[in-house]
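Coordinate analysis (summary)
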Amino acid sequence: VSSSNKIIQGTTGAEIPLSADSSDPTTDVNRLNEVGITTVFNAFGTGIRTWGNRNSSFPVNAAADSFSNIVRISDIVDESLELAAMEFIDRPINQALVDVIRESGNRFIRSLIARGALIEGSRIVYNKEDNTAEQLASGQIVFERIIMGPTPAERITYKSILDINLLPNLR
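Let me sum up the structure you'll find in this document. (Residues numbered from 1 in each chain as written. Predicted model: local features only at pLDDT ≥ 70, side-chain atom pairs only at ≥ 80, totals over all residues. Heavy atoms only, no water.)

Our next topic: the packing of aromatic side chains. The final tally for this structure, using the stated rule, is two aromatic pairs. For the ring pair Tyr 126 and Phe 143, a centre distance of 5.6 Å and an interplane angle of 55° mean the geometry is tilted. In this pair, Tyr 126 is assigned in the loop between β3 (123-125) and α4 (133-137) and Phe 143 in the loop between α4 and β4 (144-146), connecting sequence segments 17 residues apart. Of the residues examined, Phe 143 reaches a relative accessible area of 22% and is grouped as partly exposed. Sitting above the plane of the Phe 67 ring, Arg 54 keeps its charged end 3.8 Å from the centroid. (Phe/Tyr/Trp six-rings, centres within 6.5 Å; stacked < 30°, edge-to-face > 60°. Helix = DSSP H or I, 4+ residues; strand = E, 2+ residues; numbered from the N terminus. Buried < 20%, exposed > 50% of the residue type's maximum accessible area, 1.4 Å probe, protein only. Lys NZ or Arg CZ within 6 Å of the ring centre and 35° of its normal.)

Here we take up helix α2 (residues 68-85). In this model, α2 (18 residues) spans 26 Å end to end at C-alpha, consistent with the 26 Å of a helix rising 1.5 Å per residue. Considered for burial, the residues of α2 that qualify are Asn 69, Ile 70, Ile 73, Ser 74, Val 77 and Leu 81. Considered in projection along α2, the buried side chains sweep an arc of 140° and stay on one side of the axis. Exposed and facing more than 90 degrees away from the buried side of α2 are Ile 76, Glu 79, Glu 82 and Leu 83. For α2, the elements touching its buried residues are α3 (95-114), β3 and β4. (Expected span 1.5 Å × (residues − 1). Arc of directions from axis to C-beta. Contact = heavy atoms within 4.5 Å.)

Let us now look at the nonpolar core. Formed by Phe 67, Ile 70, Ile 73, Val 77, Leu 81, Ile 109, Leu 112, Ile 113, Leu 118 and Ile 124, the largest nonpolar core amounts to 10 residues. Elements with a contribution of two residues or more to this core: α2 and α3. If you tally residues by element for this core, the top one is α2, at four residues. Setting aside residues no more than four positions away along its own chain, Leu 81 makes contact with Gly 105, Phe 108, Ile 124 and Arg 145. Counting five residues, the second largest nonpolar core, distinct from the first, contains Ala 20, Val 29, Phe 41 and Trp 51. (Core = buried A, V, L, I, M, F, W, Y, C linked by side-chain atoms within 4.5 Å.)

Moving on, we come to the environment of Val 71. Relative to the helices and strands, Val 71 is located in helix α2. Residue classification places Val 71 among the partly exposed residues on the basis of a relative accessible area of 30%. Counting along the chain gives 78 residues from Val 71 to Gly 149, while the straight-line C-alpha distance between them is 9.3 Å. Setting aside chain neighbours within four positions, we find Val 71 in contact with Asn 55 and Asp 65.

Topologically, Gly 149 is positioned in the segment after β4. Gly 149 sits in the buried class, given a relative accessible area of 5%. Taking the C-alpha atoms as reference points, Gly 149 and Ala 117, separated by 32 residues in sequence, lie 5.9 Å from one another. Residues within four places of Gly 149 in sequence aside, it is in contact with Ile 70, Ile 73, Ala 117, Leu 118 and Ile 119.

This is the structure we're talking about:
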């Protein structure tokens, strides 16, 4: 989940006042966000909130991994899979080991999909071309981690349409 737009409890103000308006890209907070700086937002009587989803690679990198929550998801999944693989270290490399490692990872991935933390289709894959005979003989097994977390709704836009054809609906 994005850390943006969350109330900061106990905060009474900011050191430097920043203009803020969620629909105005020229305000201080939105201009800072446009260069990958997360800041605070205080407008409309909503209290002081975190504001900004992107990390410092943005705007040069505008891909999904410029969202801070996507990087956190990737880090957490990587660390979890590494810890879960510890029980398989030093076991004999055979098809049963490959299958159990892959299924263990996919069971974890499916639990994250069910919780909404990952998008359907995320998975762990064993590719034979990534695992040469020489590599396997040296005790190295490679699995692909193919994941995607949900990106935050960074901007919500309403298109305004005045439709005079609705006037006859008056009662």
